[in-house]
Amino acid sequence: MKLSIAIAAAMLAFAPAAFAARAWVLPSQTIVARAGGWVTFDAASSDDLFSFNQGAYPLDGLAVTTPDGQPVTPQNVSKGRTRSSFDLEIRAPGTYRVAVAGDLVMARWEEEGKPKRWRGLPADMAANIPAKAEKLEVEQNQRRVETFVTVGAPTALKPTGVGLELVTDTHPNDLYAGETAKFQFLLDGKPAGDLEVEIVAGGTRYRDSPDAYLVKTDSKGAFAVTWPAAGFYWLDAAVTDENATVPNVKKRRALYNATLEVLPQ
Amino acid sequence: MSHSSRVFLALLLSAAAGGASAADLSLNLEIPNLPVAEYHRPYVAIWVENPDQSIAANLAVWYNLRGDHTKWLPDLRQWWRRGGRDLKVPADGLTGATRPVGQHILKFDAAAEPLAKLPPGKYAIVVEAVREVGGREAVRLPFEWPIKATKRETAQGTKELGAVALSLNP
């Protein structure tokens, strides 16, 4: 009994994505007429989309970039019990990328028969994992949870080249019900082929079926989705591989989530 | 002022402004009287649409000019996505104040901007209206350019717009 609890706990610690609630960042608006206003964001993890009824999503990796790719610091960043939030002052026309991104290493080992765990930045790994660690297992965990806001006309978004990410051939602030959007997934800047992508409409509390739309990327990492109706959608994809980008680490898990707004015709 | 006298005045004004000889495109649109508790005049965008739904020419954009209300222009959803978002407002000869309930006549000279530059082809006039705490509606009236014969197209709005009529006068 005790042993099985320990195993379950270890499994939980090592497979957060498989069990964790859905992570999302929800903007107060995605289309802004002109510079000189504010957009507010909520960030949370919840099974219901987009209800902040489970846990706040930590904003440690909050990374907002202006239309010309410069980092910008949001204001009024706060973490509550069920949601985190922040305000972004919109100062320039074009598309803002609003992301919470992380690149962490998770390690588990034994020291004199006792289980030990550590989670932190790849750069701090050597200082925190003892050389004599037994049964050492390390995993890189890359994560990107993002959304987009456009002021005036949309501008192109540049891929970061890090982890799993969405390339928006159809601009993420130019999505309309009944139309087909074309996207591509990249892993470390290269096409992520044969990747399963899940798309779920918001308002899950108000329907009986989850209505998840599953699609696989082709060999070029490309996929298309025809939006059945207007609303906010949550997009989810994950890769588990042995291509960690941190030295001395093999296992890697890369996760990607986006919140996209589809407008009516 | 009653409806009919306003229409008469508008007709009188347009007759005085336009010469009898020049070809023109004229649009008669009705902003309906709506029995609602909170009424605001609608924002309206009127444009010439290409077959691929891009904007060939903007004809009119009416929004609240008192104070800074340009932040609500994206609510003219189709107009905004098709090119409203690329336009700097206010724009001379294009943007204007919202209009009251009633009939409104707009006349565009075929030989003057913005129609003078329109290449021959198939187009549509789109009238889109959106009202604060109200709804949104767009109607389309197809036409061919240049104007060869007198022609009339009509469309009927169901919520935010009343009857809309397009007259082509060679």
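Remember, predicted model here, so these are calculated numbers, not experimental data. (Residues numbered from 1 in each chain as written. Chains lettered and ligands numbered in written order. Predicted model: local features only at pLDDT ≥ 70, side-chain atom pairs only at ≥ 80, totals over all residues.)

Engineer: Hey, could you go over the overall build of chain B for me, with residue numbers and the actual values?
Structural biologist: When helices and strands are counted, chain B shows two helices and nine strands. The N-to-C order of helical and strand elements in chain B reads α-β-β-β-α-β-β-β-β-β-β. Expressed as a percentage of its 170 residues, the buried residues of chain B come to 28%. Residue pairs in contact within chain B that sit at least 24 positions apart in sequence constitute 66% of those at least 6 positions apart. (Helix = DSSP H or I, 4+ residues; strand = E, 2+ residues; numbered from the N terminus. Buried ≥ 20, exposed ≤ 12 C-beta atoms within 10 Å, placed from the backbone. Contact = placed C-beta atoms within 7 Å.)

Engineer: Could you give an account of the overall build of chain A, with specific residues and numbers?
Structural biologist: The helix and strand inventory of chain A stands at three helices and 19 strands. Against the globule reference of 18 Å for 265 residues, chain A gives a C-alpha radius of gyration of 19 Å, in line with a compact fold. Expressed as lengths along the three principal axes of its C-alpha atoms, the size of chain A is roughly 65 × 40 × 40 Å. When each of the 265 residues of chain A is scored for burial, the buried share is 35%. Within chain A, residue pairs in contact and separated by at least 24 positions form 67% of the contacts whose partners lie at least 6 positions apart. (Rg over C-alpha atoms; globule rule 2.2 N^0.38 Å.)

Engineer: Before we move on, could you go through unusual backbone geometry and cite the residues and values that matter?
Structural biologist: Negative phi values dominate among residues other than glycine, just as trans dominates among peptide bonds. Residue and element names in this part refer to chain B. Cis geometry is adopted by the peptide bond preceding Pro 114, which originates at Glu 113 and carries an omega value of 0 degrees. A cis amide bond links Trp 145 to the next residue, Pro 146, at an omega of 0 degrees. With respect to the helices, strands and loops of the structure, Pro 146 is situated in the loop between strand 7 (136-145) and strand 8 (151-156). A positive phi angle, near 75 degrees, is found at Gln 53, a position not held by glycine. By the secondary structure assignment, Gln 53 is in the loop between strand 2 (43-49) and strand 3 (55-62). With a phi angle near 50 degrees, Val 133 is a residue other than glycine that sits in the positive phi range. Here Val 133 is to be found in the loop between strand 6 (121-130) and strand 7.

Engineer: Let's hear about the interface of chain A and chain B: which residues, and what values?
Structural biologist: Contacts between chain A and chain B engage eight residues on the former and eight residues on the latter. For the side of chain A that touches chain B, the class distribution of residues is four nonpolar, two polar and two charged. (Nonpolar A, V, L, I, M, F, W, Y, C, P; charged D, E, K, R; others polar.)

Engineer: Give me the pairing of strand 11 (residues 134-151) of chain A: which residues, what numbers.
Structural biologist: Residues and elements named next belong to chain A. Along strand 11, 14 of the 18 residues are buried, which leaves the element largely enclosed by surrounding structure. As paired elements, strand 2 (residues 31-32) and strand 11 share two bridges and run parallel to each other. For Val 32, the partnering residue across the bridge sits in strand 11 and is Val 151. With nine bridges joining them, strand 11 and strand 19 (residues 251-262) adopt parallel strand pairing. Residue Gln 142 lies in a different strand from strand 19, and its bridge partner there is Ala 254. (Pairing = 2+ DSSP bridges.)

Engineer: Help me get a handle on the pairing of strand 7 of chain B, residues and values and all.
Structural biologist: Residues and elements named next belong to chain B. Pairing of strand 6 with strand 7, which is carried by ten bridges, proceeds in the antiparallel orientation. The residue bridging Val 126 from the neighbouring strand is Arg 140, located in strand 7. Count of turn residues in the strand 6/strand 7 antiparallel hairpin: five residues, of which Val 133 carries a positive phi of about 50 degrees.

Engineer: Can you explain the sheet that holds strand 1 (residues 24-31) of chain B? Please cite residues and give values.
Structural biologist: All names here are of chain B. Taken together, the four strands give an open sheet; going across it, the order is 5-1-9-8, and neighbouring strands pair in antiparallel fashion. What marks the edges here is a single partner per strand, and that holds for strand 5 (102-109) and strand 8. In this sheet, neighbouring strand axes are inclined to one another by 15 degrees on average, regardless of whether the strands run parallel or antiparallel. Here six bridges tie strand 1 to strand 9 (residues 163-169), and the two strands are oriented antiparallel to one another. Within the sheet, the bridge partner assigned to Leu 29 lies in strand 9 and is Val 164. (Axes fitted to C-alpha atoms, helices over the stretch in contact; angles between N-to-C directions.)

Engineer: Please provide a residue-by-residue account of the environment of A:Asn141, values included.
Structural biologist: Residue and element names in this part refer to chain A. Looking at the element boundaries, Asn 141 is found in strand 11. Placed 17 residues apart in sequence, Asn 141 and Lys 158 show a C-alpha to C-alpha distance of 22 Å. Setting aside anything within four residues of it in sequence, one finds Asn 141 in contact with Leu 104, Met 106 and Arg 253.

Engineer: Would you mind going over the confidence of the model for chain A in detail, with residue names and values included?
Structural biologist: Mean pLDDT over chain A: 92, with 93% of residues reaching 70 or higher. The low-confidence segment residues 1-18 of chain A (pLDDT under 50) makes nine contacts with residues lying over four places distant or belonging to another chain. (pLDDT = per-residue confidence, 0-100.)

Engineer: Just give me the short version of the sheet that holds strand 3 of chain B, but keep the residues and values in it.
Structural biologist: Sheet strands pair via backbone hydrogen bonds, and the direction of the pair is either parallel or antiparallel. All names here are of chain B. A sheet is described by the order of its strands in space; here five strands give the open sequence 4-3-2-6-7, paired in mixed fashion. Every interior strand has two partners, whereas the edge strands, strand 4 (95-96) and strand 7, have only one. Direction of pairing for strand 3 relative to strand 4: parallel, over a ladder of two bridges. For Trp 62, the partnering residue across the bridge sits in strand 4 and is Gly 96.

Engineer: Outline the environment of A:Val197, supporting the account with residue identities and numerical values.
Structural biologist: Following the sequence through the fold, A:Val197 ends up in strand 15 (residues 196-201). Separated by 59 residues in the primary sequence, A:Val197 and A:Tyr256 have C-alpha atoms spaced 9.6 Å apart.

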